[in-house]
Amino acid sequence: MRIATLTSGGDCPGLNAVIRAIVRTANQEHDSTVVGYRDGWLGLLDDDRVDLYDDDAIDKILVRGGTILGTGRLHPDIFKANLETIKANLADARVDALIAIGGEGTLKGAKWLADNGVPVIGVPKTIDNDVLATDYTFGFDSAVAVATDAIDRLHTTAESHKRIFLVEVMGRHTGWIALHAGLAGGAHHIVIPEVPFDVSEITKSMERRFQMGEKYGIIVVAEGAQPRPGTMAVDDKGVDEFGHRRLGGMGQLIGEEISRSTGYDVRTTVLGHVQRGGVPTAFDRVLASRFGVHATRAAHRGEFGSSVVLRGEFIETVPLSEVVAKVKTVPMQRYEIAEALFG
């Protein structure tokens, strides 16, 4: 069998671990070959490919961040308009199965290909942990570790200067990173997209801390957080070429409101893309490796149109339709646990 793989969407720690696992499993268990397409779907469209060998070079990528194949985004309309080109390129490369590694958008593309006769297996990745049907995605643990380390460091400087720090983390539609990093870092308030906020309530919470003698505060804000209607004015920044709402600056806006109301010294730190970079944590290396092994085995079993997922302690395969049915948001009972620790 000849397997193709690609990494699409945003980069995240653990992608190289999946690639390594696919190459080694294909070669050692099945005597199969692997070809990688560069820069995601665009590489498949342009037939930009490279043979991947089970050698010393592939072995060493386990600990590397990013992806050796490169990644990118392709507009869905362009993608769907080139189905015949995609099929022709796969046939020219003698590909029997395609393993697509990516988040929600990539997996939707994989499902569409599967619906149109392309033999595809999906591997879910995203630092946002918002892919349905899997308990965790690789990349999430690494992003939380980076954010938690930043919060830990801000505690000492905030306390020394009697400041309030707003820490803005990634999370367009969901607050998984904000929730986990906020809990792990002992944040005094956490703001997520699933729960519209009232800035006056956050302000009162900070005022109580200062009145009780704890003269500093840490607030973690997901970039996609939104105020309750009528509680705070927010500029509409429009949408990008993919129809995504342009984000950024919510932490700064909340901080300005708190400072205006209280007179406290308030600072904002935006972590941004550092959450995606660097080496993957041990958890992400293991999960990504397991995904790669199981995806390769699923391809050899002919389980096309499916995706590998983590369910409890086990890796399973489920239909891609189940994985892309909707975005996995933070349940209220999980947020209520964090609320119990606010203040």
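Here is what the cut-offs are and how they apply
- Residues numbered from 1 in each chain as written.
- Predicted model: local features only at pLDDT ≥ 70, side-chain atom pairs only at ≥ 80, totals over all residues.
- Heavy atoms only, no water.
- Core = buried A, V, L, I, M, F, W, Y, C linked by side-chain atoms within 4.5 Å.
- Buried < 20%, exposed > 50% of the residue type's maximum accessible area, 1.4 Å probe, protein only.
- Helix = DSSP H or I, 4+ residues; strand = E, 2+ residues; numbered from the N terminus.
- Contact = heavy atoms within 4.5 Å.
- Axes fitted to C-alpha atoms, helices over the stretch in contact; angles between N-to-C directions.
- Parallel < 35°, antiparallel > 145°, perpendicular 65-115°, else oblique.
- Left-handed = near helix turned anticlockwise from the far one by under 90°.
- Nonpolar A, V, L, I, M, F, W, Y, C, P; charged D, E, K, R; others polar.
- Salt bridge = Lys/Arg side-chain N within 4 Å of Asp/Glu carboxyl O.
- Expected span 1.5 Å × (residues − 1).
- Polar contact = N/O pair within 3.5 Å; in protein donor to acceptor, adjacent residues only side chain to side chain.
- Phe/Tyr/Trp six-rings, centres within 6.5 Å; stacked < 30°, edge-to-face > 60°.

(A) Structural view of the nonpolar core. Counting 60 residues, the largest nonpolar core has Ile101, Val123, Phe138 and Ile218 as its most contacted members. In terms of residue count, the dominant contributor to this core is helix H7 (residues 140–161) (eight residues). Apart from residues no more than four positions distant in its own chain, Ile218 is found in contact with Ile151, Leu154, His155, Ala158, Phe165, Val167, Ala187, His188 and His189. In terms of nonpolar packing, the next biggest core, distinct from the first, is built from 29 residues, Leu6, Leu107, Ala110 and Leu320 among them.

(B) Expanded view of the packing of helix H1 (residues 15–30) against helix H11 (residues 282–301). Packing of H1 against H11 leaves a shortest axis separation of 8 Å and a crossing angle of 40°. By the criterion of interaxial angle, the relationship of H1 to H11 is oblique. Here the hand of the crossing between H1 and H11 comes out right-handed. Here H1 contributes Ala17, Val18, Ala21, Ile22, Thr25, Ala26, Glu29 and His30 to the contact with H11, which in turn contributes Arg285, Ala288, Ser289, Gly292, Val293, Thr296, Arg297 and His300. Along the lines of polarity and charge, the residues of the contact of H1 with H11 split into seven nonpolar, six polar and three charged.

(C) Layout of the pattern of salt bridges. Summed over all chains, the structure comprises 21 salt bridges. Its salt-bridge partner being Asp51, residue Arg2 comes within 2.7 Å of it at the nearest N-O pair. Residue Arg2 is found in strand E1 (residues 2–7), and its partner Asp51 is found in strand E3 (residues 49–52); the two are separated by 49 residues along the sequence. For Arg20, the salt bridge is made with Asp59, and the minimal N-O distance between the two is 2.9 Å. One end of the pair, Arg20, is in helix H1; the other, Asp59, is in helix H3 (residues 56–59), and 39 residues separate them in sequence. A relative accessible area of 30% places Asp59 in the partly exposed class. Each of Arg20, Arg24, Asp54 and Asp59 takes part in a single network of salt bridges with overlapping partners.

(D) Structural view of H11. A rise of 1.5 Å per residue sets the reference length of H11, with its 20 residues, at 28 Å; its end C-alpha atoms lie 29 Å apart and thus fit the reference within 8%. One or two positions beyond H11, positive phi appears at Gly302, with a value near 80°.

(E) Spotlight on the side chain of His188. Locating His188 in the fold gives a position in the loop between helix H8 (176–184) and strand E7 (189–191). When its relative accessible area of 7% is taken as the criterion, His188 is described as buried. Of the polar contacts made by the side chain of His188, one reaches the side chain of Arg209; its length is 3.3 Å. If near-sequence neighbours (up to four positions away) are discounted, His188 is found in contact with His155, Ser205, Met206, Arg209, Tyr216, Gly217, Ile218, Phe342 and Gly343.

(F) Inspection of the packing of aromatic side chains at higher detail. Across all of its chains, the model carries seven aromatic pairs by this definition. Between Trp41 and Phe79 the ring centres are 4.8 Å apart and the planes differ by 45°, which places this aromatic pair in the tilted class. With Trp41 in helix H2 (residues 41–46) and Phe79 in helix H4 (residues 76–81), this pair connects stretches of sequence that are 38 residues apart. Note on Trp41: relative accessible area 5%, which makes it buried. Seen from their ring centres, Phe138 and Phe291 are 6.3 Å apart, and the 65° between their planes marks the pair as edge-to-face. Of this pair, Phe138 sits in the loop between strand E5 (120–124) and H7 while Phe291 sits in helix H11; the two residues are 153 residues apart in sequence, bridging distant segments of the chain. Using a relative accessible area of 0% as the deciding quantity, one classes Phe291 as buried.

(G) How the structure looks around the packing of helix H9 (residues 199–211) against helix H10 (residues 250–262). It is the contact of H9 with H10, at a shortest axis distance of 10 Å, that shows an interaxial angle of 60°. As summarised for this structure, H9 and H10 are arranged oblique, according to the angle between their axes. Between H9 and H10 lies a crossing whose hand is right-handed. When H9 is examined against H10, the residues Val199, Ile202, Thr203 and Glu207 are found in contact with a partner set consisting of Ile254, Glu257, Ile258, Ser261 and Thr262. Across the contact of H9 with H10, the residue classes break down as four nonpolar, three polar and two charged.

Keep in mind that these numbers describe shape and distance, not what the molecule does.
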